[in-house]
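# Reading the structure
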Amino acid sequence: MKRVAVIGGGITGVTTAYALAKRGVNVTLIERHRYAAMETSYANGGQLSASHAEVWNHKATILNAVKWMARRDAPLLLHPWPSWHKLSWFAQFLAAMPDYERNTIATARMAIAAREHLFAWAQEEDIDFDHRRAGILHVYRDQRGFERAAGVSRLLARGGLQRRAVTLADMRAIEPALTGDFYGGYYTDSDSTGDIHKFTSGLADACARLGVTCRYGTHVTALARECGKVRVSLDEESSLFDAAVICAGTASRAMAASLGDHVNVYPVKGYSITVQLDDAASRAAAPKVSLLDDATKLVSSRLGEDRLRVAGTAEFNGVNHDIRADRIRPLLAWVEQCFPGVNTRKVIPWAGLRPMLPAMLPKVGPGKAPGVYYNTGHGHLGWTLAAATAELVAAMVNTAVASSSAASR
């Protein structure tokens, strides 16, 4: 049986390993942490949000970045200190602006396709991940933001997603706990939320049951083509595989470069807080419907009955895992403003590095060298898109290794 290495044990790596294993492929999953989903797939915003498929390659993003540069608590924080990586990434980001509409539509289609696979896998493997199918409500504080959202909704509709405009009265009916001064909103009842860490961990267990060799706590030190195969060097050993799929998040760029590929992933830091709803009053005062506040660029998701996850912001500061108090403070203030009845004594902060490509679309498919594949660069939509891209790359790899096996007989 042909052997395939999947490098990276986050949401994209685990879904890829699972999709390959379901096709009967001999898979080895390699992850540097002791467990699956310990980096960017640990505590994200929780949204499975096709309604958030709009790519960032728009003049509004540029204007906001410039406007907010002097604010340490800005929703989008661009550190002015230059690096070749950052400069090259932004040059490609600007070059992709003419594709804004096409890429937004493509992302929406991919997000819709992902739902079918993810929900089916969770049911088949009996994975409890606090899944809540209550939709996502986008809220806008002024007329300008609301009217711009109408244009985005038309693009999403071209991708097959329907989200409807709602009045203030509608918003209160959808989420009675929300307080604040808003102009209007858009509601997508087909969207949902869930705990990415619980899902990924559960699917990793399912991979092991399917025969996947899970190598946790193992670092990939080198990759190379050798004798028609891919040599994967680990901490104290190396092995030859018929193919390798790189799903290594922000580490994918360096791995790709060693194989002659340019995969310009940049680590865009996001923050989250998990508010423990330990008392009945807080549980009653916390939202049940997932929200996205356009003005603050923050999202919230109810995870089970006793947790509220709030996440967002984008920080361009290279590989930096520091959890900064001035970046966490706006998330806490948002909860206190919009849901004043929630007790915020017990809050767990977190930061993760989103692997983001300049055109905001993931790299899914083969590299230059035979046997090398990528499933990486999903940015802020890894949770939303992973099941679809895993199916895509698994089908490619399975076809290739099957053809190679037939040719060798």
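Now for a description of the structure that goes with this document.

## A look at the pairing of strand β18 (residues 347-356)
Most of β18 is tucked away: 7 of the 10 residues are buried. Judged from the 10 bridges that link them, strand β14 (residues 266-276) and β18 form a sheet pairing that is antiparallel. Among the inter-strand pairings, serine 272 is bridged to a residue of β18, identified as tryptophan 350.

## Observations concerning unusual backbone geometry
Residue cysteine 227 is not a glycine yet carries a positive backbone phi of 55°. Note that cysteine 227 resides in the loop between β10 (222-226) and β11 (229-233). Accessibility expressed as a relative area gives 73% for cysteine 227, which makes it exposed. Phi at threonine 313 takes a positive value of approximately 65°, unusual for a residue other than glycine. Structurally, threonine 313 is set in strand β17 (residues 307-316).

## So, the side chain of threonine 344
You can see threonine 344 is positioned in the loop between α10 (325-338) and β18. Reaching out from threonine 344, the side chain makes a polar contact with the side chain of glutamate 336 at a distance of 3.2 Å. Ignoring any residue separated from it by four or fewer positions in sequence, one finds threonine 344 in contact with Leu332, Val335 and Glu336.

## A few points about the side chain of threonine 218
If you trace the backbone, threonine 218 turns up in the loop between β9 (213-215) and β10. Polar contacts involving the side chain of threonine 218 include one to the main-chain carbonyl oxygen of tyrosine 216, which spans 3.2 Å. Leaving out residues up to four positions away in the same chain, threonine 218 has contacts with Ile30, Glu31, Arg32, Leu234 and Asp235.

## Observations concerning the sheet that holds β10
With antiparallel pairing, the 3 strands of this open sheet are ordered in space as β10-β11-β12. Two strands in the sheet have a free side with no partner beyond their single neighbour: β10 and β12 (238-241). Neighbour-to-neighbour, the strand axes of this sheet turn through a mean angle of 25°, independent of strand direction. As paired strands, β11 and β12 are joined by 4 bridges and run antiparallel to one another. Of the residues in β12, the one forming a bridge with valine 230 is phenylalanine 241.

Calculation criteria
Residues numbered from 1 in each chain as written. Predicted model: local features only at pLDDT ≥ 70, side-chain atom pairs only at ≥ 80, totals over all residues. Heavy atoms only, no water. Buried < 20%, exposed > 50% of the residue type's maximum accessible area, 1.4 Å probe, protein only. Helix = DSSP H or I, 4+ residues; strand = E, 2+ residues; numbered from the N terminus. Pairing = 2+ DSSP bridges. Polar contact = N/O pair within 3.5 Å; in protein donor to acceptor, adjacent residues only side chain to side chain. Contact = heavy atoms within 4.5 Å. Axes fitted to C-alpha atoms, helices over the stretch in contact; angles between N-to-C directions.

Just distances and angles here, no functional claims.
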